[in-house]
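Below are the chains, spelled out letter by letter.
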Amino acid sequence: MTPANSGVALRVENLSKSFTLHAQGGISLPVLSRIDMAVQGGECVALVGPSGAGKSTLLKCIYANYLSDTGSIKMELNGETHDILNAAPRDIIRLRKESIGYVSQFLRVIPRISALEIVAGPLAPTDTPKDEALDRARTLLSRLNIPEHLWNLPPATFSGGEQQRVNIARGFAVHYPVLLLDEPTAALDRNNRDVVIELIREARDAGAALVGIFHDEEVRDAVADRLVTVQPLVEAA
Amino acid sequence: MMQETEIPLLRVSRLTHYYDYIVGCRNVSFDLYPGEVLGIVGESGSGKSTLLNCISARMEPTGGSVEYDTRAEGMRDLFGLTEAERRMLMRTDWGFVHQNPRDGLRMSVSAGANIGERLMAVGARVYEDIRESSADWLSRVEFDTERMDHLPSTFSGGMQQRVQIARNLVTGPRLIFMDEPTGGLDVSVQARLLDLLRELVDDLGLSAILVTHDLAVARLLSHRLMVMRGGEVVETGLTDQVLDDPQHPYSQLLVSSVLQA
Amino acid sequence: MQDQTNTSTSHSIDETDHGYNFAYLDEQTKRMIRRSILKAVAIPGYQVPFGSREMPLPYGWGTGGIQVTASIIGPEDTLKVIDQGADDTTNAVSIRRFFAHTAGVATTETTGDATVIQTRHRIPETPLTPGQILVYQVPIPEPLRWLEPRESETRKMHALKEYGIMYVRLYEDISRFGHISTAYDYPVIVNGRYLMRPSPIPKFDNPKMDNNPALQLFGAGREKRIYAVPPYTEVKSLDFRDYPFQIQKWEDSCALCGAADSFLDEIIIDDQGGRMFVCSDSHYCGERQDAGHRGRDPSEMPDATPNPTDIAETA
């Protein structure tokens, strides 16, 4: 679909991350140690490992939501290399606008904004015309089975499942070359889960590099080309 | 990436202000780029208001410099400008949204005149044009233009704040300073106003410096955060990174002491 | 100043009280005031502070104007004093007698005969001539005061020529009444530089200030300010391009002298709401009547209703 998605690659090298809890006497909790991973465009990689192994932390490090201690995260896009760990905040913001997406299962509700506007929102800073953006939002909402009468309401009062689906629609609005998925299908019914599987496959086939956490093995088998295991570290004594 | 070729709109270097021997803020440096919203958070007395007053030229700092990319002459030291130039800058290329609308509005003249004043100050002399601009900006801040001839004292706090925002935006500024812009409002009004601010800043590509103690407000509006304590910046970074993975002991304390940001 | 030997001039030298210094003020005070006046003339429209003295009448009765007059008047001068255009009201009579008493100068009611005219709230209808000095009594000199209470700030605004706020007032007039309803004390820009408050003269008189051959001096006793418009100086009334400055107009002419070009006062003549319009400038009116001009008989007049503009303006 988007030619920009060709020639994308995500490379994580020797990545370590720990949390220092100053409120608890400055103890350090190592979460990731020397992670190496490479994902190409057109590929979907599933992160596996027991709960608490740091899979989500890895995704958040890639999205620059968490700071990493050592190592590097590089994103190659159209011949340019973006060094995520050393990028200025405004460069990260620019990358997040068009190049790197993150879908979690939790919607951060923005007061007073309708579901339709929330889904179309990420398209606003791109060059997409407004009506085209709204069309894309409508398509996604209807594919994810959000009843049409809810589209113009703010999702604050929606059910948990509806909010989750609005958030997924929002995550897929822009054709990001790199897409990070943190359990997008958790707690979805079969019907909607299949829609998400379709969306992931479409993105992959369009050339995006995807990294995801899928607890549901059925979903994982349906979308993942490859598994990367994240091992839990020994608790700091 | 392109950051090398970009020129910051505002450059703050080693800014320090003392009130006699008491530190207001110390050694603060940062660049603000076009379109960027910087949040400054910290508790009362952390120096965030002192910093805001110094960089918005409302107060002359004891040390350091503040440079601004003026339209006419590029980067200029704010305190090297003549007072006339500085005041011109403040009422055209800048805006300042006060927590209390009374500090930013003329309470004895109508909403329309409050907005028109900034235009008249730069030479607008056609009444109908001024009125049209006022009405246009009032509707952009979702204010009922039927009431544009009423005095601000007859408006609710939320409406007053809208008028103040419109008054600041009418001259097409590039940089807006906001001091707890939703501080005095009740929760539902606050949410709507925040949403409006977010939209305006996005649509107009404004740069903004936002001082707040409310981390939820900071998350919603700012791209980047600076955490201040005791007059110094203890941490700075991408907003969601600072809030979700705070590094400094004080930032961790700040983030963990609110219910939900 | 200039010598006057006109029959209408009364020279009541006998009234002079030689117990006072000439024109009441001591010479050092007069020098100080003259210095302020010179500065004011040099910077048209700029308010020069001066050490205002206690005068033997209360503030608000023209103490600023009297001090200016006292400082510039000489034994050869002829003084005219008007209050709201009239020579015969209490204030005018008192001030005229004050100077006759303390300076022994000649006084007159004839505009053309006077070398110094002290005025409260009017400019005479008879055009002033070179060499004449018009002294205004000013209650509040600062035009920006209505919106900005801080003197430090208004001075800065003058220094930086930040006068946008003055238009806010005109804007409010138009948005409230559909036209600029400010009828008195209408703000002006002097010599393209300073914003000036022309004391509460009707805006009808504003055009007379522009390029006037006479020297115009303004004294505010309580506020301790003097300002000036030198002869032949541009004085421009503020306005909007789509709401240009306009002076008051009346449908009627003066009931006494028939003048259609002078500022008219409305006078209630009975308990039935009957009224008439007469010249506010009593000397101008009298001169016209002496020359045989007469107003129309009030009974022949159509209903003497001023046009709608005037209702708002005099409100």
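Everything that follows concerns the structure shown earlier in this document.
Bear in mind the structure is a predicted one, so any value in this text is a computation, not a measurement.

### Considering the overall build of chain A
Point 1. Across its full length, chain A holds 7 helices and 9 strands.
Point 2. The C-alpha radius of gyration computed for chain A amounts to 18 Å, which stays within 12% of the reference 18 Å derived for 237 residues, consistent with globular compactness.
Point 3. When its C-alpha atoms are laid out on the principal axes, chain A stretches across 55 × 40 × 35 Å.
Point 4. Relative to its 237 residues, chain A shows a buried fraction of 52%.
Point 5. Residue pairs at least 24 apart in sequence account for 71% of intrachain contacts in chain A once pairs closer than 6 positions are excluded.
Point 6. Measuring between centres, the 24 positive side-chain charges of chain A sit 4 Å from its 29 negative side-chain charges.

### So, the layout of surface pockets
Point 1. Of the volumes computed, that of the second largest pocket is approximately 1400 Å³.
Point 2. Around the second largest pocket, the lining is made up of 44 residues, and of these Arg-87, Arg-91 and Arg-106 of chain B together with Glu-153 and Glu-162 of chain C lie nearest the centre.
Point 3. Elements supplying a minimum of two residues to the lining of the second largest pocket: helix 2 (83–92), strand 6 (94–97), helix 3 (101–104), helix 4 (111–121) and helix 6 (157–169) of chain B together with helix 4 (151–159), helix 5 (164–177) and strand 10 (235–237) of chain C.
Point 4. Tallied by class, residues from the lining of the second largest pocket come to 15 nonpolar, 8 polar and 21 charged.

### Things to note about the interface of chain B and chain A
Point 1. The partner chain A presents 27 residues to the 26 residues of chain B that form the contact.
Point 2. Between the two partners, chain B and chain A, sit 4 salt bridges.
Point 3. The shortest N-O distance in the salt bridge between Asp-245 of chain B and Lys-17 of chain A comes to 2.5 Å.
Point 4. Taken together, the connections running from chain B to chain A amount to 10 residue pairs in polar contact (both at pLDDT 80 or more).
Point 5. The residue inventory of the side of chain B that touches chain A, partitioned by class, reads 8 nonpolar, 7 polar and 11 charged.

### Points about the state of the cysteines
Point 1. Counted by the stated rule, this structure contains 0 disulfides over all chains.
Point 2. Free of any disulfide, Cys-54 of chain B has its nearest neighbouring cysteine sulfur in Cys-25 of chain B, separated by 5.0 Å.
Point 3. Here Cys-257 of chain C is not disulfide-linked; the sulfur of Cys-279 of chain C is the nearest cysteine sulfur, at 3.6 Å.

### A short note on the nonpolar core
Point 1. Core analysis: the largest hydrophobic core is formed by 56 residues, its most contacted members being Val-163 and Ile-165 of chain B together with Tyr-171 and Phe-240 of chain C.
Point 2. Residues in contact with Val-163 of chain B, not counting those within four places in the same chain, are Leu-105, Ala-111, Asn-114, Ile-115, Leu-138, Phe-143 and Phe-155 of chain B.
Point 3. With 43 residues, the next largest nonpolar core counts Ile-110, Leu-150, Leu-181 and Leu-210 of chain A among its residues.

### A few points about the pattern of salt bridges
Point 1. Tallied over the full model, the rule gives 49 salt bridges over all chains.
Point 2. A salt bridge links Glu-142 of chain B to Arg-162 of chain B; the nearest nitrogen and oxygen atoms lie 3.9 Å apart. A residue pair is termed long-range when its members are at least 10 positions apart, and Glu-142 of chain B in the loop between helix 5 (127–140) and helix 6 and Arg-162 of chain B in helix 6 qualify at 20 residues.
Point 3. Under the relative-accessibility criterion, Arg-162 of chain B is labelled buried at 8%.
Point 4. Arg-150 of chain C is the partner of Glu-148 of chain C in a salt bridge, and the nearest nitrogen-oxygen pair spans 2.8 Å.

### Here we look at the interface of chain B and chain C
Point 1. Between chain B and chain C, the residue contacts involve 23 residues of the former and 21 residues of the latter.
Point 2. Between chain B and chain C, a total of about 1900 Å² is buried, with carbon and sulfur atoms accounting for 58% of that surface.
Point 3. Looking only at chain B, the three residues that lose the most surface to chain C are Arg-87, Arg-125 and Tyr-127 of chain B, adding up to 37% of its buried area.
Point 4. Across the salt bridge formed by Glu-153 of chain C and Arg-87 of chain B, the nearest N and O atoms sit 2.8 Å from each other.
Point 5. Counting every contact that joins chain B to chain C gives 12 residue pairs in polar contact (both at pLDDT 80 or more).
Point 6. Mapped by element, the contributors of at least two residues to the side of chain B that touches chain C are helix 2, helix 4 and helix 5 of chain B.

### Quick word on a nonpolar patch on the surface
Point 1. Residues Tyr-19, Tyr-21 and Ile-22 of chain B make up a contiguous nonpolar surface patch of roughly 390 Å² in combined accessible area.
Point 2. Relative to the helices and strands, Tyr-21 of chain B resides in the loop between strand 1 (10–19) and strand 2 (22–32).

### Some details on empty space enclosed by the protein
All names here are of chain B.
Point 1. Considering all chains together, one arrives at 2 cavities of 30 Å³ or more under this definition.
Point 2. Roughly 70 Å³ of internal volume is contained in the largest cavity.
Point 3. The set of elements that each furnish at least two residues to the lining of the largest cavity consists of helix 6, strand 7 (175–179) and helix 7 (187–204).
Point 4. Here the lining of the largest cavity is built from residues that sort into 9 nonpolar, 1 polar and no charged.

### Structural notes on the environment of Gly-157 of chain B
Residues and elements named next belong to chain B.
Point 1. With respect to the secondary-structure elements, Gly-157 resides in helix 6.
Point 2. Spatially, the C-alpha atoms of Gly-157 and Met-178 are 16 Å apart, while their sequence positions differ by 21 residues.
Point 3. Filtering out sequence-adjacent residues up to four positions away, Gly-157 remains in contact with Pro-101 and Leu-185.

### Brief notes about the sheet that holds strand 1 (residues 8–21) of chain A
All names here are of chain A.
Point 1. Read from one edge to the other, the open sheet built from 4 strands follows the order 2-1-4-5, with strand pairing classed as antiparallel. Lying at the two open borders of the sheet, with one neighbouring strand each, are strand 2 (27–40) and strand 5 (80–83). Taking each pair of neighbouring strands and ignoring which way they run, the sheet shows an average axis angle of 20°.
Point 2. Two strands pair when backbone bridges link them, and strand 4 (residues 70–77) and strand 5 are joined in this way by 4 bridges, in the antiparallel orientation. Within strand 5, the residue paired with Met-75 across the bridge is His-82.

The rules we used
Residues numbered from 1 in each chain as written. Chains lettered and ligands numbered in written order. Predicted model: local features only at pLDDT ≥ 70, side-chain atom pairs only at ≥ 80, totals over all residues. Heavy atoms only, no water. Helix = DSSP H or I, 4+ residues; strand = E, 2+ residues; numbered from the N terminus. Rg over C-alpha atoms; globule rule 2.2 N^0.38 Å. Buried < 20%, exposed > 50% of the residue type's maximum accessible area, 1.4 Å probe, protein only. Contact = heavy atoms within 4.5 Å. Lys, Arg positive; Asp, Glu negative; His and termini not counted. Charge placed at Lys NZ, Arg CZ, Asp CG, Glu CD. 1 Å grid on protein atoms, 1.4 Å probe; cavity = no way out; pocket = protein on both sides within 12 Å on 5 of 7 lines; lining within 4 Å. Points joined across faces, edges and corners; volume = space filled by probe spheres on them. Nonpolar A, V, L, I, M, F, W, Y, C, P; charged D, E, K, R; others polar. Salt bridge = Lys/Arg side-chain N within 4 Å of Asp/Glu carboxyl O. Polar contact = N/O pair within 3.5 Å; in protein donor to acceptor, adjacent residues only side chain to side chain. Disulfide = S-S within 2.5 Å. Core = buried A, V, L, I, M, F, W, Y, C linked by side-chain atoms within 4.5 Å. Buried area = accessible area lost by both parts, 1.4 Å probe. Patch = residues over 30% accessible without salt bridge, like charges linked within 9 Å, V, L, I, M, F, W, Y side chains within 5 Å. Areas by Shrake-Rupley, 256 points an atom, 1.4 Å probe, with all protein chains shown as cover. Pairing = 2+ DSSP bridges. Axes fitted to C-alpha atoms, helices over the stretch in contact; angles between N-to-C directions.

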